[in-house]
Amino acid sequence: MLPALDLDFVRSQFPALAGDWVFFDNAGGSQTLRGVADRISDYLLTSNVQLGASYDVSQRSGARVRDAHAVIAELIGASRPEEVVMGPSTTALMYTLAAALAEGIEPGDEIVVTDTDHEANIGPWLKLKDRGAVIKVWAVNPETLELDLGDLDALMTPRTRLVCFTHASNILGTINPVAEITRFVHERGARVVVDAVALAPHRAVEVTAWDVDFYVFSFYKVYGPHHAVLYGKYDQLLALPSLNHFFIGREVVPYKLQQGNVNYELSVGCTAIADYLAELGGRTGARTDRRGQILAAFDAIAAQEEALAERLLSYLRGRSDIGIIGHAKADRALRVPTISFVARGRQSDEIVTGVDRSRIGIRFGDFYARRLIDRLGLTPAKGVVRVSMVHYNTVDEVDRLVEALDGLL
């Protein structure tokens, strides 16, 4: 039995939760920790100078930004701070990575993408067709709505260079077995690029243990600001060309991929996410180091979110007019609490705008996974209704949503 989350402590860390809205659009953007905002403010008001000067405030500012890379490396299980590249968004970092990897792409080289991903992990790779790359699509199994390794095996050849896939679908909520897929791809001589935006708020990230080559997610989905991180194995980042000024060489990792200045205050603000998770893990009774406390926090988060998801899924399963898109049960090993559904004979926007009146924030659409929505034939219904929960949500809030849906369906 995993220890229960201290929900009073959790909710006290998010000032927005004190209002009367229920936030169930967390996959679009979570609420922000008070500590993140405080740290951003403190940086701007006490050490907002350019880095690299000899005077004390500049030295202190540089130390805070370097510490941010170290703390984020700890948060994601990287082996060194230089493996952390920061930028404004997952999409921007994916385009940066694609531009850097383009130098090594030759005509006939193959890149595999999925039809379940957010466009951030598809569009940048399609542009490499201009260099002669051949793009192949690892299509979702229409019966199971999962990605099958057998289908990937049929796509890969000795010319396959990259396999780009999502760790968790932002529509289906399905968790893909990243370590297993990575091992499979490596055995066939290719590398992986993983979009973790829909996974990182819900599970501990362990990039070194999983042996992933590149791994990207946005902090504004993980209780932080509009900022993002690209992890890359150090030797692979080192081999990439510099995308910065001509005098910034290949050896200057990660600065060569952070064109201009990385956002100092947002980078520093993100350190509060790791501090919050470490404290949360400590409150579960974990007696270990900070990294162990972060892992303990996510264990408790997964248990809390499983209970929330099952509360909603059990209601949706009980309705004959609802189609759940993805796993219909809340097994934490299989899915995150991002739940999509459609209602027979109803447009998805009609349901969402009806729920708005109850001061509950949910959403409809394709969520930039347009290829998946088209593949599933859901575009005419204006996509899916998506309810995306995180650990600070409560069972009472789920019951409030169920009551609102009952009045509409």
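Naming follows an unreviewed UniProt entry, where the protein appears as Cysteine desulfurase-like protein of Skermanella cutis.

K.L.:
How should helix α7 (residues 178-187) be read in this particular structure?
P.N.:
All of the buried residues in α7 are Val178, Ile181, Thr182, Phe184 and Val185. With its buried residues spanning 160° around the axis, α7 presents them on a single face. Buried residues along α7 sit in contact with β4 (134-138), α6 (149-155), β5 (160-166), β6 (191-195) and α8 (207-210).

K.L.:
I would appreciate a short explanation of the packing of aromatic side chains in the present structure.
P.N.:
Note on aromatic pairs: each is described by the distance of the centres and the angle between the planes. One pass over the structure, following the stated rule, counts 10 aromatic pairs. Between tryptophan 138 and phenylalanine 165, the aromatic rings sit 6.5 Å apart at their centres with planes inclined by 70°, giving edge-to-face as the arrangement. With tryptophan 138 in strand β4 and phenylalanine 165 in strand β5, the pair connects residues that are 27 residues apart, well separated along the chain. For the pair shown, tryptophan 138 and phenylalanine 165 are each scored as buried. Put simply, the rings of Phe9, Phe14, Tyr223, Tyr276 and Tyr392 pair up and form one aromatic cluster. The residue whose ring lies beneath arginine 188 is phenylalanine 184, and the NZ or CZ to ring-centre distance is 3.5 Å. Between arginine 283 and the ring centre of phenylalanine 9, over which it is positioned, the NZ or CZ distance is 3.9 Å.

K.L.:
Got a minute to help me understand the sheet that holds strand β8 (residues 228-232) in this structure?
P.N.:
Sheets are built from strands that pair by backbone hydrogen bonding, the pairs being arranged parallel or antiparallel. Taking strand neighbours across the sheet as the criterion, the 7 strands line up as β2-β8-β7-β6-β5-β3-β4 in an open arrangement whose pairing is mixed. Looking at the sheet topology across the chains shown, the edges are occupied by β2 (84-87) and β4. In this sheet, adjacent strand axes meet at a mean angle of 20° when their direction is disregarded. For strand β7 (residues 214-218) and β8, the ladder comprises 5 bridges, and the chain directions are antiparallel. Residue pairing across strands places serine 218 opposite alanine 228, the latter belonging to β8. Packed onto the sheet, α7 meets β4, β5 and β6 and runs at close to 155° relative to β6.

Reading the values: rules and limits
Residues numbered from 1 in each chain as written. Predicted model: local features only at pLDDT ≥ 70, side-chain atom pairs only at ≥ 80, totals over all residues. Heavy atoms only, no water. Buried < 20%, exposed > 50% of the residue type's maximum accessible area, 1.4 Å probe, protein only. Helix = DSSP H or I, 4+ residues; strand = E, 2+ residues; numbered from the N terminus. Arc of directions from axis to C-beta. Contact = heavy atoms within 4.5 Å. Phe/Tyr/Trp six-rings, centres within 6.5 Å; stacked < 30°, edge-to-face > 60°. Lys NZ or Arg CZ within 6 Å of the ring centre and 35° of its normal. Pairing = 2+ DSSP bridges. Axes fitted to C-alpha atoms, helices over the stretch in contact; angles between N-to-C directions.

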